[in-house]
Amino acid sequence: SSQVGYYYDGRLMNTVTFTVHEQEKPTSITAFDIPGAFETTAYRDIKLTDFTVRDQYNQTFSMDGSGYYVKLEIISGGSLFNLAGANIYSSPVRLTALSTKGTARFRATVYTSSNVAVTSSEFQKDIQVVNSSDITNYSFENVGTMYASNADDEYAKTLVLNGRTSSGTTVQLAGSGGKPAT
């Protein structure tokens, strides 16, 4: 920390103390925000915004344009999903459930632009593949507040339909990719 004083007519009038901290940098992934299950053949485009990343001050860190990226890997149950690429920068990576039921474990890790893993940034999540018959009910995601407009697409919201298993697990539905057909 530093202290700055100001003087008037040779007398100290006041001081200001301030601290300069190191620039924020990502230190951990704390959430991977996708459904806990996929219906067989369902897919989803995984984006950087699907991960909650924290910095060394425990604040949310925005990965967009930061030079960091997330590497997503299937560490068990790899025969249940197809992952079209592993490194998630600004473009999404498609995750597709195949035709076999089961559970796969995913690992997401933050990497620097020099392709070095950020120490202790790893996050793991189990995701199931379920059959259509395992889905017991359906619901729309909350769209929040909408405003009337007959001209601007910025006021449009997409209705997203999810399935749920009997245990309450949200299911990514096949044929939707997270967005209903238009």
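Described below are features of the structure shown in this document. These figures come from a predicted structure and were not determined experimentally. (Residues numbered from 1 in each chain as written. Predicted model: local features only at pLDDT ≥ 70, side-chain atom pairs only at ≥ 80, totals over all residues. Heavy atoms only, no water.)

1. What about the pairing of strand β10 (residues 93–97)?
Working step 1: On β10, burial follows the alternation: V93, L95 and A97 on one face are buried, whereas R94 and T96 on the facing-out side are not.
Working step 2: Where strand β5 (residues 43–46) meets β10, four bridges bridge the pair, whose relative direction is antiparallel. Within the sheet, the bridge partner assigned to R44 lies in β10 and is L95. (Buried < 20%, exposed > 50% of the residue type's maximum accessible area, 1.4 Å probe, protein only. Helix = DSSP H or I, 4+ residues; strand = E, 2+ residues; numbered from the N terminus. Pairing = 2+ DSSP bridges.)

2. Focus: the environment of E73
Working step 1: Along the polypeptide, E73 turns up in strand β7 (residues 69–76).
Working step 2: Once the C-alpha coordinates of E73 and G175 are considered, the two residues, 102 residues apart in sequence, prove to be 23 Å apart.

3. Considerations on the side chain of Q172
Working step 1: One can find Q172 in strand β15 (residues 170–172).
Working step 2: Residue Q172 is classed as buried on the basis of its relative accessible area, which comes to 1%.

4. Digging into the nonpolar core
Working step 1: F38, I46, F51, L72, F81 and L95 are the most contacted members of the largest nonpolar core, which has 27 residues in total.
Working step 2: Listed by contribution, the elements that provide at least two residues to this core are β3 (26–32), β6 (51–55), β7, β8 (81–84), β10, β11 (102–111) and β12 (123–130).
Working step 3: Setting aside its immediate chain neighbours within four residues, L72 contacts F32, I46, F51, L83, A86, I88, F106, R107 and A108.
Working step 4: Listed in part, the five residues of the second largest apolar core include A37, V130, V171 and L173. (Core = buried A, V, L, I, M, F, W, Y, C linked by side-chain atoms within 4.5 Å. Contact = heavy atoms within 4.5 Å.)

5. A short note on the pattern of salt bridges
Working step 1: Overall, the coordinates contain seven salt bridges when judged by the stated rule.
Working step 2: Here E73 ties to R107 by a salt bridge, and the two come within 3.2 Å at their closest N and O atoms. One end of the pair, E73, is in strand β7; the other, R107, is in strand β11, and 34 residues separate them in sequence.
Working step 3: Among the residues examined, E73 registers a relative accessible area of 23% and is labelled partly exposed.
Working step 4: Accessibility expressed as a relative area gives 23% for R107, which makes it partly exposed.
Working step 5: Notably, a salt bridge pairs D126 with R105, separated by 2.6 Å at the nearest N-O pair. Pair noted here: D126 is in strand β12 and R105 is in strand β11, with a separation of 21 residues, a long-range link. (Salt bridge = Lys/Arg side-chain N within 4 Å of Asp/Glu carboxyl O.)

6. Section: the sheet that holds strand β4 (residues 37–39)
Working step 1: Taken in spatial order, the eight strands make up an open sheet running β9-β7-β11-β12-β4-β15-β14-β13, and their pairing is mixed. Two strands in the sheet have a free side with no partner beyond their single neighbour: β9 (87–88) and β13 (135–140).
Working step 2: Bridge count for β4 against β15 is two bridges, and the pairing is parallel. Counted as the bridge partner of A37 is V171 from β15.

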